[in-house]
Amino acid sequence: MSNDAFEVQVQHFAALKSKYQATKYEDSSPSSLLYLILRKADLELEITKFEWIWLQEHELLETRKAIEQEPQRKKEEPKKLDAKFSQLKSKFKVTRGVPMSSALYPILWKLESENQLTNLEVKYLQQVHGLTETVAIVEDMARFAALKAKYRATKHQDSLPESHLYQILNKLEAEKPLNDSEVKWLKKQELFDTLGILQEKEAVREAEFAQLKDKYKASEYPETSVSSPLYPILKNLEADKQLSESELNWLEEHQLSETLSIVLEMEQTRHFAELKVKYKATTYEDSSLSSHLYKVLKKIDLENPLGEPDINFLKKRKLTETITLALDKYAASLKSKIQAGEQLSEADLDWVKQNGRDDVITFAIDKYAASLKSKIQSGELLSEADIDWVKQNGREDVITFAQEKEFAALKVKYRIIDRDFPFDPFYAIMVKLEKEERLDPVLVVQLIQQKLLASHGRIAIAYHRLEARFYEEEYERTGNKWNLPNASSHWRKADEPESALQVTENLDFDQIKENKLKSALLTTRGGAFRDIDKLDDAEKCALKAIEYQPQSHHPYTLMGAICFERSQFSEGERWFNEAIKRGAESEDIDSELKQVVKNAKDEKRREVVEYLLQKNPQRYAWAKSYRKRQGGEDAQRKNS
């Protein structure tokens, strides 16, 4: 065996003796039986009876006990390690679960024992585990270590940021005075080097305090300790920081009037410098508080208008940007005034005109226009004065807004749900209807033909109602009975057949000479009876109308419709054919048939639709939609 190998075994034997409490056994040779026994115990190999007796004979009772307890110790060791790991995780703010095999465990162990980590280890904590709080503790520990070194407090063992020493050293670093209890604590911990540094710093601060008192006219204040409230106040002045209200009150309470005067002058100087930057006047070198520029800039900042002398002062010094900012500032203040609902004074208006600030006028007009739109939005009507203002100021947008608002309301009233319903011509049409003014009949017919207007929609109904009343009034005015069939026809189209019947009620046909007029009156009356499902009365009127004017197709068309209402399709076809012989168009017949289908209910409608589609599916293709609609209604009833 080489010397190196022998030496390793000697060292190993010594370590095992220490572990198993056998150090009193003097033989250290690896050839000793004890070395064999201890090696077998460490490898968890079975110890023989002979070996147990040997230990007994050599009075190694503690060694025997240690060997017997080793398995239990090894069994409990993982639990101890886990408990230690939990303690470290809690101490260093690791809240998530991490396995024992993680590299995090040795890093925390190292942090516990050495109080510091490498940059690579810190990066691992941050990037791999996202342990922001842990990294913050590491950084605080590093800072604590640096402060201990700086202030000669390394003998103090505590390394965590919660340490009282860390708080004290931070105060020293921030040049803050320590209180009596903190000084006593340092003495108790025998940190005399740290106390020495503290005394040196206090001596420097006291000297500085004396200089500051002299500089800022506060020498009459007797206290010299840097713990005095005056010291941080004077330090703030030296750093050109603005004093707080409480600091100013302290100076006033202690009657340091000269210091207060200096503070006021410093604040004004600082204010002047800030105003020069704010209003682009830094090229003006004079910074004395008596400078006229300071007065001008304060006027601007207070939103006061500049007089002509002030403007000239700025012009002479080529401070054109300052002038622009001054004008903009005052114009903005006027706009704020307008925004708040205040009226501009005569002086304000003069300033606007003199300085050519049309933007203020525009803003005022826009604001008032917006208020009118808000008035319209809330449902109020514009007054005559409002309308005059709109016209005078060319604000057609207000009129347009009002029209759009009214158009939206009218669409709701007339049940128009189409989003693309055109403003023109329907806004003008609905406005006329609201005023009960007649519409152009040609335009109405054209819109219906172009399918822009529903023939039975609310607009059409309102139009027919107006026309019916017009013809009634014309009859009352002129006595011309030809107005009555027109009025009756419009009442029917307005879905008011009772009013149509009332128009033709109590007429003495013997007093009417024209058979054509008699036929027209009876035909429209018969149509009204048909509308309310009084088909017998309708038939009587139609047949009487034929007697008076056998060559007019209108009563024949009516008879055809009556027959279809009764499901007498063949008879109805015969009457329709007679109507066509007398000049009726197929469109007239189809119109009556559509009315029949529309008015019919359930089974009767199905019967009419099936008849028409069987007879001529191309001509009556429109009836298919009623077949689909009927199917949907049937399904709905079945489900309900």
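My aim in this report is to walk through the structure given alongside it, one point at a time.

Conventions adopted
- Residues numbered from 1 in each chain as written.
- Predicted model: local features only at pLDDT ≥ 70, side-chain atom pairs only at ≥ 80, totals over all residues.
- Heavy atoms only, no water.
- Helix = DSSP H or I, 4+ residues; strand = E, 2+ residues; numbered from the N terminus.
- Rg over C-alpha atoms; globule rule 2.2 N^0.38 Å.
- Buried < 20%, exposed > 50% of the residue type's maximum accessible area, 1.4 Å probe, protein only.
- Contact = heavy atoms within 4.5 Å.
- Areas by Shrake-Rupley, 256 points an atom, 1.4 Å probe, with all protein chains shown as cover.
- Lys, Arg positive; Asp, Glu negative; His and termini not counted.
- Charge placed at Lys NZ, Arg CZ, Asp CG, Glu CD.
- Expected span 1.5 Å × (residues − 1).
- Phe/Tyr/Trp six-rings, centres within 6.5 Å; stacked < 30°, edge-to-face > 60°.
- Lys NZ or Arg CZ within 6 Å of the ring centre and 35° of its normal.
- Core = buried A, V, L, I, M, F, W, Y, C linked by side-chain atoms within 4.5 Å.
- Disulfide = S-S within 2.5 Å.
- Axes fitted to C-alpha atoms, helices over the stretch in contact; angles between N-to-C directions.
- Parallel < 35°, antiparallel > 145°, perpendicular 65-115°, else oblique.
- Left-handed = near helix turned anticlockwise from the far one by under 90°.
- Salt bridge = Lys/Arg side-chain N within 4 Å of Asp/Glu carboxyl O.
- Patch = residues over 30% accessible without salt bridge, like charges linked within 9 Å, V, L, I, M, F, W, Y side chains within 5 Å.

### Regarding the overall build of the chain
- For the chain, the count of helices and strands is 32 helices and zero strands.
- Over its C-alpha trace the chain gives a radius of gyration of 54 Å, far above what one expects of a compact globule, namely 26 Å for 640 residues.
- In terms of overall dimensions, the chain has C-alpha extents of about 155 × 105 × 45 Å along its principal axes.
- The 640 residues of the chain split such that 38% are buried.
- Look at the contacts in the chain between residues 6 or more apart in sequence, and 44% of them connect residues 24 or more apart.
- Per element, the accessible surface of the chain, about 38400 Å² overall, is 49% carbon and sulfur.
- With 100 positive and 110 negative side-chain charges, the chain shows a spacing of 4 Å between the two charge centroids.

### Considerations on helix α20 (residues 396–413)
- In this model α20 runs 25 Å from its N-terminal to its C-terminal C-alpha over 18 residues, within 8% of the 26 Å that 1.5 Å per residue would give.
- For α20, the full list of buried residues reads Val-398, Phe-407, Leu-410 and Lys-411.
- For α20, the secondary structure elements touched by its buried residues are α18 (358–377), α19 (384–392) and α21 (423–434).
- At the exit of α20 stands Arg-415, carrying a positive phi of roughly 55°.

### A few points about the packing of aromatic side chains
- With the rule as written, the count across this model stands at 20 aromatic pairs.
- Here Tyr-105 and Trp-109 contribute two aromatic rings whose centre-to-centre distance is 6.0 Å and whose plane-to-plane angle is 85°, an arrangement assigned as edge-to-face. Of the two residues, Tyr-105 and Trp-109 are both situated in helix α5 (residues 104–114); the distance of four residues between them amounts to about one turn of the helix.
- Ring geometry for Tyr-556 against Trp-575: centres 5.8 Å apart, planes inclined by 40°, an arrangement best described as tilted. Here the residue Tyr-556 occupies a position in helix α28 (residues 553–565), and Trp-575 occupies one in helix α29 (residues 569–581), the gap between them amounting to 19 residues.
- Relative accessible area serves as the criterion here: at 6%, Tyr-556 is assigned to the buried category.
- Trp-575 gets classed as buried once you look at its relative accessible area, which sits at 11%.
- Of the aromatic side chains, those joined through ring pairs into one cluster are Phe-564, Phe-569, Phe-576 and Tyr-611.
- The ring of Trp-109 is capped by Lys-84, whose NZ or CZ atom sits 5.7 Å from the centre of that ring.

### Some points on the nonpolar core
- Ranked by internal contacts, the top residues of the largest apolar core, which has 46 residues, are Leu-521, Phe-564, Leu-593, Val-597, Val-608, Leu-612 and Trp-622.
- Not counting residues within four places of it along the chain, the set of residues in contact with Leu-612 comprises Phe-564, Leu-593, Val-597, Pro-617, Tyr-620 and Trp-622.
- Among the nonpolar cores identified, the runner-up in size contains 26 residues, and Ala-281, Leu-293, Tyr-294 and Leu-327 belong to it.

### As for the state of the cysteines
- This model, assessed by the stated rule, comprises zero disulfides.
- Of all cysteine sulfurs in the structure, the one in Cys-563 sits closest to Cys-541, which takes part in no disulfide; the separation is 15 Å.
- Classification of Cys-541 as buried rests on a relative accessible area of 9%.
- Overall, the relative accessible area of 2% leaves Cys-563 in the buried class.

### With respect to the packing of helix α14 (residues 292–301) against helix α15 (residues 308–316)
- For the pair α14 and α15, the least separation of the axes is 11 Å and the interaxial angle reads 120°. Relative to α15, the element α14 lies oblique. Seen from above, α14 lies across α15 with left-handed handedness. The segment α14 lies against α15, with His-292, Leu-293, Val-296 and Lys-299 engaging Asp-310, Phe-313 and Leu-314.

### Quick word on the pattern of salt bridges
- On inspection of all chains with the given rule, the structure shows 38 salt bridges.
- For Asp-397, the salt bridge is made with Arg-395, and the minimal N-O distance between the two is 2.8 Å.
- The network of salt bridges with common partners includes Lys-19, Asp-42, Glu-70 and Arg-73.

### A few points about the side chain of Glu-247
- On the secondary structure map, Glu-247 appears in helix α12 (residues 245–253).
- One buried charged residue, Glu-247, remains without a salt bridge, the closest side chain of opposite sign being Lys-241 at 9.1 Å.

### Structural notes on the environment of Lys-432
- Mapped onto the secondary structure, Lys-432 falls in helix α21.
- Classification of Lys-432 as partly exposed rests on a relative accessible area of 33%.
- Residues Lys-432 and Tyr-463, 31 residues apart in the sequence, show an inter-C-alpha distance of 9.6 Å.
- When sequence neighbours within four positions are dropped, the list of residues in contact with Lys-432 reads Glu-437, Arg-438 and Leu-439.

### Topic: a nonpolar patch on the surface
- On the surface, Leu-81, Met-100 and Trp-109 cluster together to form a nonpolar patch covering roughly 260 Å² of accessible area.
- Within the element layout of this structure, Leu-81 appears in helix α4 (residues 61–91).

### With respect to unusual backbone geometry
- The backbone of Lys-280 shows a phi angle near 55°, a positive value even though the residue is not glycine.
- Secondary-structure assignment places Lys-280 in the loop between α13 (257–278) and α14.
- A relative accessible area of 45% means that Lys-280 is categorised as partly exposed.

### Some words on α29
- In this model, α29 (13 residues) spans 18 Å end to end at C-alpha, consistent with the 18 Å of a helix rising 1.5 Å per residue.
- All of the buried residues in α29 are Phe-569, Gly-572, Glu-573, Trp-575, Phe-576, Glu-578 and Ala-579.
- Phi turns positive, to about 110°, at Gly-583, one or two residues after α29.

### Things to note about the side chain of Glu-182
- Residue placement: Glu-182 occurs in helix α9 (residues 180–188).
- Judged by relative accessible area, Glu-182 falls into the buried class, the value being 8%.
- With residues near it in sequence (within four places) discarded, Glu-182 still touches His-164, Ile-168 and Lys-171.

### Overview of the environment of Leu-558
- Following the sequence through the fold, Leu-558 ends up in helix α28.
- A C-alpha to C-alpha distance of 7.3 Å links Leu-558 and Thr-523, two positions 35 residues apart in sequence.

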